[in-house]
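Below are the chains, spelled out letter by letter.
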Amino acid sequence: MTHQAHDNSYVSYLDYKGKHSGIWAWLLSTDHKRIGLMYLTGIMLFFVAGMSLGFVMKTEMLSRGETLVDAQTYNALFTLHGVIMIFLVIIPGIPAAFGNFFLPIQIGAKDVSFPRLNLFSFWLYMAGGVVALSSLFLQGGPIDTGWTFYVPYSLRTNTNVSLALLAAFLLGFSSILTGLNFITTVHRLRAPGMGFFRMPLFIWALYSTAWIQVIATPVIGITIVLVIVERLFSIGIFDPALGGDPILFQHLFWIYSHPAVYIMILPAMGVVSEIIPTFAKRTIFGYKAIAFSSLAIAFIGYFVWAHHMFTSGMSDLARIIFSLFTFLVAIPSGVKVFNWVATLYKGSIEPRVPFLFVMMFIFLFSIGGLTGLVLGNLATNIHTHGTYFVVAHFHYVMFGGTVIILFGALHYWFPKMFGRMYNEKVATVSVILIFIGFNGLYFTMFILGYMGMPRRYWDYLPEYQLLHTISAIGAYILIAGILLMLHNLWKALRKGPKAVQNPWGGVTLEWTVPSPPPLENFDEIPIITHGPYEFPEAKGVK
Amino acid sequence: MREATYNEQVTDGTMNIKETNPISHAVSEPHPHVHRDDIGSKLGMWLFLFTEILLFGGLFILYMAYRFQYSEAFHIAARDLNVNIGTLNTIILLTSSLTMALSIAAIQKGKRILSMTLIASTIAFAAAFMVNKYFEWGAKFAHGIYPGSSHLLEKEKGEIIFFGLYYSMTGLHGIHVMVGIILLSIMFVSVWRGKTNPDKFIILENSGLYWHLVDLIWIFLFPLFYLIH
């Protein structure tokens, strides 16, 4: 990347020359913006890797029998696809990349509370990524347990389970440290006058997420360590042959991994709450309701984990209680969706690229959320458990929710981060391709699952042929859309026209600093006198 | 309000502390990384300790579930543990927490040598704990009680789980003690070189918090494994 100084009066964070030079100026930088950008690079690379695995899987499922890979390879493919997409892309995704970049700027600070710890988190992330990928090539072969590492199979298989678990442990540690850093930063470094209720909603979302990261992640940490120890020394804790209980593993696993779903989705909801006011030119409707619904989701999210285990063998009472709590999560989620829609009402909407991503998010996430109710219901869960219905549901929520907004955030903040603008027409075409491909790929999976197609199977019966073919074609359209989008951004990065300071007319603090921001963000720490979304035009109307 | 109590605590030590408001610092300092925020550091440390408790929390939940499932076997297996060594180690760790706290008080009063002596004795206690642990585990191993041993596999499933938990929990705790020894050795050097001084001792305080947590976890491990029969 060659960046000239965009303005002689300041040096941007991209051009800043510190103690180190070359690649070390990045790898050893404690600047939150550089760290955010490094995360973003890593996340996009891992995303492309995960997407390629998905491509191979869909091509294998294009026709019956062995098309491209054998059954064992297919097991490894879906496991790695899950591990990479969940632990390396979606969980760090928005908080580590955009949170690092924009949290300090949006609260009017010069950096996070612990900049060196922040860099350490990034190194842990990279170490985790390297370990995860090395498990592919080392002796023993790639892990084939599915991303949930369920015992006792993960104790018995000879593949590189321990390495993959070590990777997950490192990534979890990285996530904890980022969360700890963000909580402290929000408490200690807000600009004068910025009370909690003057914080942008993205910060509220990051703050809630950070608490989940701190509270839930250690539980999976110890669970992972115990599986590794079990494999090495056979201590018996999870091994039924020695008296251990595999169901306890599932409980401990989901005590983290369900709240982790909210680690994934809350920051995306925060970004949506940023993009909507900017493009509706209207203050957000129900600011406090959205802020508190983030906390409510974070809180209720702890009490629903066993809905992943409805068919694992639990008492009916436990199943009814967990089902009830699962339905309760729909309330704060609904609060958010209705407030977003209410914000749009009578707004002067500019449907530009980031806004299109948000519209797509609301559509896809609503389908994902509503089918979640089908799965949260005990009776219908029995029918759809372990089928493609579940696969379709979590792709609608995780991909249609988090990753679509990861793309949306990228388009929203791209001019700010790089000081360059992308081609909006090409971006719009890619949005349309992604939307069509996505629904083709995953909506068919709902029908397949309802018809009884089990997940993780390498082959299928002839009656599923047509839908599998449609699904695979959807996948190709989706991948084409994503590649077009990445190409467009890459071109903009190289030689896009220079972006102005505030291309969208946003009013949060990041739009008051130059694009790209200077090293220390602000010449003078701003003093905050009003809420985050007060648009000049709207004031008169009020 | 928290700030007030913090400043009180500092002025008790009769020295001047620099302004701790992070915002005024961020404005006056030319570089953001130089800024100092002792309350922020402590907040971060408490959050970290919180995650440590949850890390052990997973193990405590497993202990509870298995104790419920195999209460009789746990009762029998616990009799194989040496209460004397356990008690001795409890006393050692509690005393080390005292010397740790005193070393912070000493540096606040500007008594550098005393503080170093107290840190050194904390390290010595920690080492003594590990030596005892070594003999305790060594004796178990000599009797053929270790994970995967043929002697243990002949026993009841509940007893296998008991020793599985015993080795994992005290083992993880032991790792924390060793990390503590490294951390306190760094603190010793830091006080020696004057990097930790009466004006700036937040790292020593945070190390102390860590050490107390290690102590606290042992306070729960000791009765659960040694005393409840």
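Residues numbered from 1 in each chain as written. Chains lettered and ligands numbered in written order. Predicted model: local features only at pLDDT ≥ 70, side-chain atom pairs only at ≥ 80, totals over all residues. Heavy atoms only, no water.

Participant: Describe the overall build of chain B, with residues and values.
Facilitator: Each helix and strand in chain B was counted, giving 9 helices and 0 strands. Ordered by position from N to C terminus, the α and β elements of chain B give α-α-α-α-α-α-α-α-α. Looking at chain B residue by residue over its 229 residues, the buried ones come to 50%. For chain B, the share of sequence-separated contacts (at least 6 apart) that also reach a separation of at least 24 residues comes to 79%. Only carbon and sulfur atoms are counted for the fraction: they give 68% of the accessible area of chain B, which is about 10,800 Å². (Helix = DSSP H or I, 4+ residues; strand = E, 2+ residues; numbered from the N terminus. Buried < 20%, exposed > 50% of the residue type's maximum accessible area, 1.4 Å probe, protein only. Contact = heavy atoms within 4.5 Å. Areas by Shrake-Rupley, 256 points an atom, 1.4 Å probe, with all protein chains shown as cover.)

Participant: I'd love a proper account of the overall build of chain A, names of residues and values included.
Facilitator: Broken down by element type, chain A carries 16 helices and 0 strands. Projected onto its principal axes, the C-alpha positions of chain A cover 70 × 50 × 45 Å. When burial is assessed residue by residue, chain A has 63% of its 542 residues classed as buried. Taking as baseline every contact in chain A between residues at least 6 positions apart, the subset at least 24 positions apart corresponds to 82%. Working note: accessible area of chain A is about 19,600 Å², and carbon and sulfur atoms make up 69% of it. Looking at chain A, you have 31 positive and 23 negative side-chain charges, and the mean spots of the two groups are 8 Å apart. (Lys, Arg positive; Asp, Glu negative; His and termini not counted. Charge placed at Lys NZ, Arg CZ, Asp CG, Glu CD.)

Participant: Go over the pattern of salt bridges, please, and point to the residues and values.
Facilitator: Residues and elements named next belong to chain A. With the rule as written, the count across this model stands at 13 salt bridges over all chains. Two residues, Lys-281 and Glu-350, come together in a salt bridge whose shortest N-O distance is 3.7 Å. Residue Lys-281 is located in the loop between helix H8 (246–280) and helix H9 (287–300), and its partner Glu-350 is located in the loop between helix H10 (316–344) and helix H11 (353–376); the two are separated by 69 residues in the primary sequence. By relative accessible area, which is 18% here, Lys-281 ends up buried. (Salt bridge = Lys/Arg side-chain N within 4 Å of Asp/Glu carboxyl O.)

Participant: Report on the packing of helix H13 (residues 388–418) of chain A against helix H15 (residues 465–495) of chain A, specifying residues and quantitative values.
Facilitator: Residue and element names in this part refer to chain A. One can describe the packing of H13 onto H15 by two numbers: an axis separation of 12 Å at closest approach and a directional angle of 15°. As judged from the angle between their axes, H13 and H15 are roughly parallel. The way H13 lies across H15 gives a crossing that is left-handed. Here H13 contributes Tyr-388, Phe-399, Phe-407, Leu-410, His-411, Phe-414 and Phe-418 to the contact with H15, which in turn contributes His-468, Leu-478, Ile-482, Met-485, Leu-489, Ala-492 and Leu-493. Among the residues forming the contact of H13 with H15, the class breakdown is 12 nonpolar, 2 polar and no charged. (Axes fitted to C-alpha atoms, helices over the stretch in contact; angles between N-to-C directions. Parallel < 35°, antiparallel > 145°, perpendicular 65-115°, else oblique. Left-handed = near helix turned anticlockwise from the far one by under 90°. Nonpolar A, V, L, I, M, F, W, Y, C, P; charged D, E, K, R; others polar.)

Participant: Tell me what's going on with the interface of chain B and chain A, and back it up with residues and numbers.
Facilitator: Counting residues at the interface gives 40 residues for chain B, matched by 42 residues for chain A. Across the pair Asp-37 of chain B and Arg-188 of chain A runs a salt bridge whose closest N-O atoms are separated by 2.9 Å. Considering each element in turn, the side of chain B that touches chain A owes the most residues, 16 residues, to helix H3 (residues 38–69) of chain B. Residue composition of the side of chain B that touches chain A, by class: 24 nonpolar, 12 polar and 4 charged.

Participant: Got a sec to walk through the nonpolar core? Specific residues and values, please.
Facilitator: All names here are of chain A. Counting 251 residues, the largest nonpolar core has Phe-98 and Phe-407 as the members making the most contacts within it. In terms of residues, this core owes the most to one element, H8, which gives 22 residues. Residues within four places of Phe-407 in sequence aside, it is in contact with Met-44, Phe-47, Phe-357, Phe-399, Ile-434, Ile-482 and Met-485. (Core = buried A, V, L, I, M, F, W, Y, C linked by side-chain atoms within 4.5 Å.)

Participant: Would you mind going over a positive patch on the surface in detail, with residue names and values included?
Facilitator: Side chains of Arg-116 of chain A together with Arg-193, Lys-195 and Lys-200 of chain B sit close together on the surface and give a patch of like positive charge. If you trace the backbone, Lys-200 of chain B turns up in the loop between helix H8 (157–192) and helix H9 (202–227). Looking at Lys-200 of chain B, the relative accessible area reads 40%, which means it is partly exposed. (Patch = residues over 30% accessible without salt bridge, like charges linked within 9 Å, V, L, I, M, F, W, Y side chains within 5 Å.)

Participant: Mind laying out the environment of Ile-202 of chain B, listing which residues take part and the relevant values?
Facilitator: All names here are of chain B. If you trace the backbone, Ile-202 turns up in helix H9. For the pair Ile-202 and Asp-37, spaced 165 residues apart in the sequence, the C-alpha separation amounts to 9.6 Å. Non-local contacts of Ile-202, meaning those with residues more than four positions away in its chain, are made with Asp-38, Ser-41 and Lys-42.

Participant: Tell me about the packing of aromatic side chains, and name the residues and values.
Facilitator: All names here are of chain A. Per the stated rule, a full pass over the model turns up 66 aromatic pairs over all chains. Arranged with centres 5.2 Å apart and planes meeting at 85°, the rings of Tyr-39 and Phe-122 form a pair that is edge-to-face. Separated by 83 residues along the polypeptide, Tyr-39 in helix H2 (residues 32–60) and Phe-122 in helix H4 (residues 115–137) bring together distant segments of the chain. With relative accessibility at 1%, the residue Tyr-39 sits in the buried group. (Phe/Tyr/Trp six-rings, centres within 6.5 Å; stacked < 30°, edge-to-face > 60°.)

Participant: Just give me the short version of unusual backbone geometry, but keep the residues and values in it.
Facilitator: All names here are of chain A. Omega for the peptide link from Val-151 to Pro-152 comes to 0°, which places this bond in the cis form. Its place among the elements puts Pro-152 in the loop between H4 and helix H5 (153–156). For the bond running from Ser-515 to Pro-516, omega is -15°, close enough to zero to count as cis. With respect to the helices and strands, Pro-516 occurs in the loop between H15 and helix H16 (536–541). A positive phi is found at Lys-346, a non-glycine position, where the angle reads about 65°. The topology assignment puts Lys-346 in the loop between H10 and H11. With a phi angle near 65°, Asn-521 is a residue other than glycine that sits in the positive phi range. As for its placement among the helices and strands, Asn-521 is situated in the loop between H15 and H16.

Participant: If you had to explain a nonpolar patch on the surface to someone new, which residues and values would you point to?
Facilitator: Residues and elements named next belong to chain A. Taken together, the side chains of Phe-363, Ile-432, Phe-435 and Ile-436 present a nonpolar region at the surface, about 360 Å² in accessible area. Here Ile-432 lies in helix H14 (residues 424–451). We classify Ile-432 as partly exposed; its relative accessible area is 48%.

Participant: Tell me about the packing of helix H3 (residues 71–106) of chain A against helix H6 (residues 161–188) of chain A, residues and numbers included.
Facilitator: Residue and element names in this part refer to chain A. Where H3 meets H6, the axes come as close as 11 Å, and the angle between the chain directions of the two elements is 25°. Looking at the two axes, H3 sits roughly parallel to H6. Considering only the axes of H3 and H6, their crossing is left-handed. Taken together, the residues of H6 that come into contact with H3 (itself represented by Phe-87, Leu-88, Ile-91, Pro-95, Gly-99, Asn-100 and Leu-103) are Ala-168, Leu-171, Ser-175, Phe-182, Thr-185 and Val-186. For the contact of H3 with H6, the per-class residue count stands at 9 nonpolar, 4 polar and no charged.

Participant: Could you give an account of H10 of chain A, naming the residues involved and the relevant values?
Facilitator: Here H10 of chain A contains 29 residues, and its C-alpha end-to-end distance of 43 Å stays within 8% of the 42 Å for a straight helix at 1.5 Å per residue. Positive phi appears at Lys-346 of chain A, one or two residues downstream of H10 of chain A, with a value of about 65°. (Expected span 1.5 Å × (residues − 1).)

Keep in mind these values describe shape, not function.
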